[in-house]
Amino acid sequence: LMAEEAYFYLQDAFQRPLQSRIPIIFYESHREFQVTNIIYQLLSEGVGGFTESLHNRVVVPYDGSYKKLEEVLIHELTHAYVNDLDGDFGAARLFNLPRMTFPFWFDEGLPEYLAVGGEDNYNNMFVMDMVFNSYLQRLETVGGYYAYRLGESFLTYIDEIYGRDAVMRYFYAARTAGTMDVATEKVFGMTFSDLQQRWRNYLYRQYTPYLQTHDVPY
C-alpha cells in the first residue's frame, strides 16, 4: 500500500505514468539488507536503500520506522522513475539529440526533495550549520553526503518561491539541456549562478534570526 501511494504521488509530480513495473525488494532488518545479493558490493551501515539500475529494482530495509521507510521508498522510487523515463530517450540517442547527465547534487537532491521536501529537521541542521559556520558550498563543487542536503535545500527553495511545477519543469529542462545554465535560463530566465545566489541569500535570511533567539553550541 505504501509503495502504491508513493507511485501515485510520483506520477502526479512527473505528470506521466511508468512505462514498466518496478520490482521492490523489502528486507525486514538492516542486517539482512546489508548482506543482500541483489548487488555484490558490500553495503556500509550508512546505506539506507538503493536502486539497482540493470533491472531497475528498488531495494530497501525496514528499520522499525514506517515514516523513515516511506521516505527511503520515495527516494529510491524516484531514481527508478527517472530510469524508467530514460527509456523514452531511444530516439534522442538515435538522432544524437542533446542529453545532459544530471550533476550529483541534482541526481540525489531531487529524490530527497520529493521524499522530505525540506521538512526533516535532521537534514536541515546540516544546512544551518554550513550557514552559521561559513562553509556553505556551491552546488557545482559539493559532493558526498552534503550533495544530498544542499540539492534538497536548493530544490525546496525553488518550490517555495516558484512552486512545485517549476521544480519539475527544471527537471525536464535539465534532461535535454547542454548545461545547467541553459536549463536555468529556459525555466527561470537567469543564469544558474544567479539562481544559486538567490537561494544562498534565502538561506541566510531564513537562518540568521535564530542567532537572536538561540545560543550557539560550544
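Residues numbered from 1 in each chain as written. Predicted model: local features only at pLDDT ≥ 70, side-chain atom pairs only at ≥ 80, totals over all residues. Heavy atoms only, no water.

Peer 1: How should I be thinking about helix 9 (residues 180–188) in this particular structure?
Peer 2: Side chains of residues three or four places apart in an α-helix project in the same direction, reflecting 3.6 residues per turn. Within helix 9, the full set of buried residues consists of M180, A183, T184, V187 and F188. Along the long axis of helix 9, the arc covered by the buried residues comes to 95 degrees, so they all point the same way. Once helix 9 finishes, G189 follows within two positions and takes phi at roughly 70 degrees, a positive value. (Buried < 20%, exposed > 50% of the residue type's maximum accessible area, 1.4 Å probe, protein only. Helix = DSSP H or I, 4+ residues; strand = E, 2+ residues; numbered from the N terminus. Arc of directions from axis to C-beta.)

Peer 1: Mind showing me how you'd approach the layout of surface pockets here?
Peer 2: Think of a ball as big as a water molecule: rolled over the atoms, this probe shows where empty space is left. When its volume is computed, the largest pocket comes out at roughly 580 Å³. The wall of the largest pocket is formed by 25 residues, among which G46, G48, K68, V72 and E112 lie closest to the centre. Of all the elements in the fold, those that place two or more residues in the lining of the largest pocket are helix 3 (66–86), helix 5 (104–116), helix 6 (121–132) and helix 7 (144–162). Examining the composition of the lining of the largest pocket, we find that seven residues originate from one element, helix 3, more than from any other. Considered class by class, the residues forming the lining of the largest pocket number nine nonpolar, eight polar and eight charged. (1 Å grid on protein atoms, 1.4 Å probe; cavity = no way out; pocket = protein on both sides within 12 Å on 5 of 7 lines; lining within 4 Å. Points joined across faces, edges and corners; volume = space filled by probe spheres on them. Nonpolar A, V, L, I, M, F, W, Y, C, P; charged D, E, K, R; others polar.)

Peer 1: How do you make sense of the pattern of salt bridges when you look at a structure like this?
Peer 2: When charged atoms on two side chains of opposite charge get close, those side chains can pair. In this structure the tally under the stated criterion is seven salt bridges. Between E71 and K67 there is a salt bridge, with the nearest N and O atoms lying 2.6 Å from each other. Separated by four residues within a single helix, E71 and K67 lie in helix 3, roughly one turn from each other. Owing to a relative accessible area of 55%, K67 belongs among the exposed residues under this scheme. Notably, a salt bridge pairs R138 with E140, separated by 3.1 Å at the nearest N-O pair. (Salt bridge = Lys/Arg side-chain N within 4 Å of Asp/Glu carboxyl O.)

Peer 1: What exactly am I supposed to notice about the nonpolar core here?
Peer 2: If you look at soluble globular proteins, the nonpolar side chains tend to sit buried side by side. Grouped together as the largest cluster of nonpolar side chains are 56 residues, with contacts concentrated most on F14, L110, F154, I158 and Y170. It is helix 3 that provides the largest number of residues to this core, a total of nine residues. The contacts of I158, once residues within four sequence positions are left out, are G163, A166, V167, Y170, F188 and L195. The next biggest cluster of nonpolar side chains, apart from the first, holds seven residues, and it includes Y27, F33, I39 and V59. (Core = buried A, V, L, I, M, F, W, Y, C linked by side-chain atoms within 4.5 Å. Contact = heavy atoms within 4.5 Å.)

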